[in-house]
Every structure is written in structure tokens, then in C-alpha cells.
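Spelled out, the chains give:
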Amino acid sequence: MFDRLGELAGLPARVLIGDLDLPPAVDCAERTAERLGCGPDPVPGADHLLPLRAPGALVAAVLAAVPHGG
């Protein structure tokens, strides 16, 4: 499945990564972002558990990715 991420390139996507994440998670996030055609977005003071460590940053990223009616 990881190899098929390139099929989603061009769609709105963000890869969040905590700046306290361990190297294997950082590597995975960077490779995922590369395949999706976006850059990884660092989240200061967070590790891999973004919903617990940085819920506001996670919600903001989701809302930014969702088209808003106007």
C-alpha cells in the first residue's frame, strides 16, 4: 500500500510530524510526504501521538485540508 501513495499525488494532503518523534517515524513521514507530493509539517513539542500531544494542531491541519463552502 505504501508504494501506491504516489497515486494520490496532487490531492490535498498534509503529513504532520512531531519534532520529538523518533527517527523511524520521521523517516516514514518524510517518505510518505514525498510520495504524496507534499512536505512534512513539523509540530513543535509533539511526538507521534498528535491527537494527545497537540490536538489543536491536528484539528487545524484537518480543517485546512477540508474545502469550506462559502
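Everything discussed here concerns the structure shown above.
Residues numbered from 1 in each chain as written. Predicted model: local features only at pLDDT ≥ 70, side-chain atom pairs only at ≥ 80, totals over all residues. Heavy atoms only, no water.

Quick word on the state of the cysteines
Defined as follows: Throughout, a disulfide means two cysteine sulfur atoms within 2.5 Å of one another. Residue exposure (1.4 Å probe, protein chains only): buried if accessible area is under 20% of the type maximum, exposed if over 50%, otherwise partly exposed.
Under the criterion given, the structure shown has 0 disulfides. With no disulfide partner, Cys28 has as its closest neighbouring cysteine sulfur the one in Cys38, 12 Å distant. Look at Cys28 and you get partly exposed, because its relative accessible area is 35%.

Observations regarding the nonpolar core
What counts, and what does not: Buried residues of nine kinds, namely Ala, Val, Leu, Ile, Met, Phe, Trp, Tyr and Cys, make up a nonpolar core once their side-chain atoms join them within 4.5 Å. The secondary structure listing takes helices from DSSP runs of H or I that are at least 4 residues long and strands from runs of E that are at least 2 residues long, numbered from the N terminus. By definition, residues are in contact when any of their heavy atoms lie within 4.5 Å.
One finds Leu5, Val15, Ile17, Ala29, Ala33, Leu36 and Cys38 forming the largest nonpolar core, which totals 7 residues. Breaking this core down by element, the ones donating at least two residues are β1 (15–18) and α1 (23–36). By residue number, the principal contributor to this core is α1, which donates 3 residues. What Ala33 contacts, discounting residues up to four positions off in sequence, is Val15, Cys38, Gly39 and Pro40.

Here we look at the pairing of strand β2 (residues 40–43)
Under the convention used in this document: Pairing between strands requires that DSSP locate at least two bridges from one strand to the other. A clockwise path from the first strand over the helix to the second, with the strands pointing away from the viewer, defines a right-handed crossover.
Pairing between β1 and β2: 4 bridges, direction parallel. The partner of Leu16 across the bridge, within β2, is Asp41. Remark: the β1/α1/β2 crossover connection has right-handed handedness.

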